[in-house]
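# Examination of the molecular architecture
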Amino acid sequence: MLTLLFLGTPLWMWGVFLFLVIGLLVLDLGVFNTGDHEIGVAESLKMSAFYIALGLGFSGFIWWQMGGVATAQYLTAFVVEKTLALDNIFVIALIFGFFAVPRMYQHRVLFWGILGVIVLRGIMIGLGATLVAQYQWVLYVFAVFLILTGVKMLFSSHDKEPDLHNNALVKFLKRRFHVTDEIEGNDFFVKKPDPKTGKLVNYATPLFLALVMVEAADLVFAVDSVPAVFTITTDPFIVYTSNIFAILGLRALYFALSAVLARFAYLKYALSILLVFIGSKIFIADLMGWAKFPPMWSLGITFAILTAGVVVSLWKTRDTVAKAA
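Thresholds applied
Residues numbered from 1 in each chain as written. Predicted model: local features only at pLDDT ≥ 70, side-chain atom pairs only at ≥ 80, totals over all residues. Heavy atoms only, no water. Phe/Tyr/Trp six-rings, centres within 6.5 Å; stacked < 30°, edge-to-face > 60°. Lys NZ or Arg CZ within 6 Å of the ring centre and 35° of its normal. Axes fitted to C-alpha atoms, helices over the stretch in contact; angles between N-to-C directions. Helix = DSSP H or I, 4+ residues; strand = E, 2+ residues; numbered from the N terminus. Parallel < 35°, antiparallel > 145°, perpendicular 65-115°, else oblique. Left-handed = near helix turned anticlockwise from the far one by under 90°. Contact = heavy atoms within 4.5 Å. Pairing = 2+ DSSP bridges. 1 Å grid on protein atoms, 1.4 Å probe; cavity = no way out; pocket = protein on both sides within 12 Å on 5 of 7 lines; lining within 4 Å. Points joined across faces, edges and corners; volume = space filled by probe spheres on them. pLDDT = per-residue confidence, 0-100. Buried < 20%, exposed > 50% of the residue type's maximum accessible area, 1.4 Å probe, protein only. Core = buried A, V, L, I, M, F, W, Y, C linked by side-chain atoms within 4.5 Å.

Counted by the stated rule, this structure contains 26 aromatic pairs. Counting every residue linked through ring pairs, the aromatic cluster contains Trp 12, Trp 14, Phe 17, Phe 58, Phe 61, Trp 64, Tyr 74, Phe 78, Phe 237, Tyr 240 and Phe 245. For the cation-ring pair, Arg 176 lies above Phe 177, with the distance from its terminal atom to the ring centre recorded as 5.5 Å.

This is the structure we're talking about:
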């Protein structure tokens, strides 16, 4: 039974992946973070290194079972997803600041947010894989969408912050639920007397609103990231595993980078160029008469673009560090 194929991959390979993910989540919540505490930069960096090493290490499993081409595709997808997560981190920082979520409770929000992301990404990738399998032209739609998104990002203002005060989802949640004015410990819901009837009713806390907004933010970013991975590879196993391993370390990455996001201000331009490149690969392959764009070239160009973005960002913001010192 374990050798039966599910979405083109043996069930036992899916089982290995799910065993790793579930094991990590159990260790995270049940062993390493049993109580609320503020995660410092040193702990965050260690966690980030662990999750990145695990994600890269999984490429060895891909190579063992699927070969070098699949490994290059997985690594490219993993790097792209990890980098696109930087924008997500910026928005998460704004959400936590808006709802005044203390750092000691932020891990709880992000943990449950990750669980939701695992399910939502699975649904989106499953639908995407079904569409691509039946209608190959959908890949060209994804490609054009990525190119237009990259161009829009390149020429749009990168300093404009989302207006959460007038956010439609926040307004809807406040109309739909009783909402407490302040954080109530680590609870998402609490019982309080209704001002009109005096009966105990459920109140949502700002922590719950922050969780919903984090999930919504990931859905928005998934609209870019999922098509981006499908233009790298159409193999659902590689698409999903690269997505999830990149996202699993998002919590650790947030605590490591939220304080120094300003140092990566110019990385957004590199992300814009990267989206244009990923989207254009399918058209370049057609023009050159290739079956697909060479995966090793794709991996090398992706690293080059992102490295250039990081180097330029650190160079351009060096005066910020000097003034802070």
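Next, the rest of the story.
Packing of helix α4 (residues 103–134) against helix α9 (residues 250–257) brings their axes to within 9 Å, and their N-to-C directions diverge by 150°. The angle between the axes of α4 and α9 places the two elements in the roughly antiparallel class. As for how α4 packs across α9, the hand of that crossing is right-handed. Across from Arg 103, Gln 106, His 107, Leu 110, Phe 111 and Ile 114 in α4, the residues of α9 making contact are Leu 250, Arg 251, Tyr 254 and Phe 255.

Moving on to the pairing of strand β4 (residues 189–193). Note: β4 against strand β5 (residues 200–204), 5 bridges, orientation antiparallel. Note that in β5 the partner of Lys 191 across the bridge is Asn 202. In textbook terms, the turn of a hairpin is the stretch between consecutive antiparallel strands, and for β4 and β5 this stretch comprises 6 residues, one of which, Gly 198, has a positive phi near 80°.

All right, on to the pairing of β5 then. As paired strands, strand β3 (residues 178–179) and β5 are joined by 2 bridges and run parallel to one another. Directly across from Val 179, in β5, lies its bridge partner Ala 204.

Glancing now at empty space enclosed by the protein. Per the counting criterion, the structure on display carries 1 cavity of 30 Å³ or more. What the largest cavity holds in volume is close to 60 Å³. Lining the largest cavity are Asn 88, Ile 92, Leu 110, Gly 113, Ile 114, Val 117, Val 214, Asp 218 and Leu 250. At the level of elements, α3 (68–98), α4 and α7 (206–230) are the ones that each hand at least two residues to the lining of the largest cavity. In terms of residues, the lining of the largest cavity owes the most to one element, α4, which gives 4 residues.

Turning our eyes to something else, we now look at the confidence of the model for the chain. The pLDDT averaged across the chain works out to 82; a share of 89% of its residues lies at or above 70. Looking at the elements of the chain, mean pLDDT is at its lowest for helix α12 (residues 318–324), recorded as 59, and at its highest for helix α8 (residues 236–248), recorded as 90.

Now for the side chain of Gln 73. Along the chain, Gln 73 turns up in helix α3. Taking the relative accessible area as the measure of exposure, Gln 73 reaches 7% and is therefore buried.

Right, let's talk about the sheet that holds β3 for a bit. The strands making up a sheet associate through hydrogen bonds between their backbones, and the pairing can be parallel or antiparallel. Taken together, the 3 strands give an open sheet; going across it, the order is β3-β5-β4, and neighbouring strands pair in mixed fashion. Lying at the two open borders of the sheet, with one neighbouring strand each, are β3 and β4.

Burial runs high along α9: 8 of the 8 residues are buried. Within α9, the full set of buried residues consists of Leu 250, Arg 251, Ala 252, Leu 253, Tyr 254, Phe 255, Ala 256 and Leu 257.

Attention now moves to the nonpolar core. Soluble globular proteins tend to pack their nonpolar side chains together in the buried interior. Counting residues in hydrophobic clusters, the biggest one holds 91 residues, and the most contacted among them are Phe 230 and Leu 248. Among all residues touching Phe 230, those that are not within four sequence positions of it are Ile 125, Gly 128, Ala 129, Val 132, Leu 139, Phe 142 and Val 239.

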